[in-house]
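Per-entry structural report
Take a look at the letters that make up each chain.
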Amino acid sequence: MTSVPSDVLVQVMDEAVERCLEHVEAGGLPFVGVLVDGSGVISGFGVNRVRETGDPTAHAEIVAMREVLNANDRDDLSGTTLVATGEPCGLCYRFAIDHGVDAIYVAVDRDTAAEWGFDYRTSYPSLGITEELRSHLFNHLPTERGNEPFSRYLHTQTNYGR
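Per chain, residues are indexed from 1 in the order of the written sequence. Residue-level local features of this predicted model are given only where pLDDT is at least 70; pairs of side-chain atoms are given and counted only at 80 or more, and the full residue set underlies all totals for whole chains, interfaces and linings. Remark: hydrogens and water are excluded; side-chain values derive from all non-hydrogen atoms of the structure.

**Considering the state of the cysteines**
Put simply, a disulfide is two cysteine sulfurs that come within 2.5 Å. Across all of its chains, the model carries zero disulfides by this definition. Sulfur of Cys-89: no disulfide; nearest cysteine sulfur belongs to Cys-92 and is 3.8 Å away. Given a relative accessible area of 12%, Cys-89 falls into the buried group. Residue exposure (1.4 Å probe, protein chains only): buried if accessible area is under 20% of the type maximum, exposed if over 50%, otherwise partly exposed. Using a relative accessible area of 1% as the deciding quantity, one classes Cys-92 as buried.

Set out below in structure tokens:
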């Protein structure tokens with residue numbers, strides 16, 4: 001297990017939030033995922049690509065994880081940490097677990113995401129994500145602007161066409 005220094009995690013999370021804001025402004029969802037290891041960032045800042053690709057599994061976190069898997073011809077992600085603007089859904093947790101991600105750090109947890117209108121908590125049981133399993137990976141890394149992508153997304157949706 002590779003440890004990522006906390007100052008690096010904070011810096012990457014701040015950058016992920018900035019990239020997320022850009023994605024929301026471009027019409028995207030308020031989720032960004034990026035992989036890091038002891039050497040720093042090892043993936044791009046993944047965004048949700050479901051609409052563009054027609055792939056229902058192209059969630060932001062999976063996009064970032066697939067990039068590392070494909071680019072490095074790897075079949076696992078051991079030694080990596082996933083940094084995400086919003087806590088992953090069950091599908092993204094399952095992908096991370098199945099590919100050996102060591103830890104997940106999030107700016108906004110699943111309950112806060114639900115308050116913003118993204119309630120995917122029911123996806124956990126169907127994909128075998130128990131509280132015990134989740135607790136081994138989950139780390140809350142709040143950032144000053146962590147909620148901003150969600151509030152901007154809601155603002156753009158409620159003012160759409162005005």
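**What to know about the UniProt feature "domain: CMP/dCMP-type deaminase" (unreviewed entry) in the protein chain**
UniProt positions are given in the numbering used here, feature names are shortened, and annotations may be inferred rather than shown by experiment. With numbering matched to this structure, UniProt assigns "domain: CMP/dCMP-type deaminase" (unreviewed entry) to residues 4-131. Think of it this way: any DSSP run of H or I at least four residues long counts as a helix, any run of E at least two long counts as a strand, and we number them from the N terminus. Across residues 4-131, helical content stands at 44% and strand content at 17%; the span's end C-alpha atoms are separated by 24 Å.

**What about the packing of helix α1 (residues 6-25) against helix α8 (residues 148-158)?**
A fitted line through C-alpha atoms represents every axis, and for helices the fit uses only the stretch in contact; the resulting angles, taken between N-to-C directions, go from 0 to 180 degrees. Where α1 contacts α8, the axes come no closer than 9 Å and their chain directions differ by 5 degrees. Between α1 and α8, the angle is such that the two are roughly parallel. Judged by residue contacts, Val-17, Cys-20, Leu-21, Val-24 and Glu-25 of α1 engage Glu-148, Pro-149, Arg-152 and Tyr-153 from α8. In the scheme used here, Gly and all other residues not listed as nonpolar or charged are polar, with Ala, Val, Leu, Ile, Met, Phe, Trp, Tyr, Cys and Pro taken as nonpolar and Asp, Glu, Lys and Arg as charged. Looking at the contact of α1 with α8 residue by residue, the class counts come to six nonpolar, no polar and three charged. Our angle categories are set so that under 35 degrees counts as roughly parallel, over 145 as roughly antiparallel, 65 to 115 as roughly perpendicular, and the remainder as oblique. Contacts were defined at the residue level, with two residues in contact if any of their heavy atoms lie within 4.5 Å.

**Brief notes about α1**
Between its first and last C-alpha atoms α1 spans 29 Å; for 20 residues at 1.5 Å apiece the expected length is 28 Å, and the two agree. Regarding α1, the residues found buried are Leu-9, Val-12, Met-13, Ala-16, Val-17, Cys-20, Leu-21, His-23 and Val-24. Gly-27 occupies a position one or two residues after α1 and carries a positive phi of about 100 degrees. By this rule, a helix spans an expected 1.5 Å times one less than how many residues it contains.

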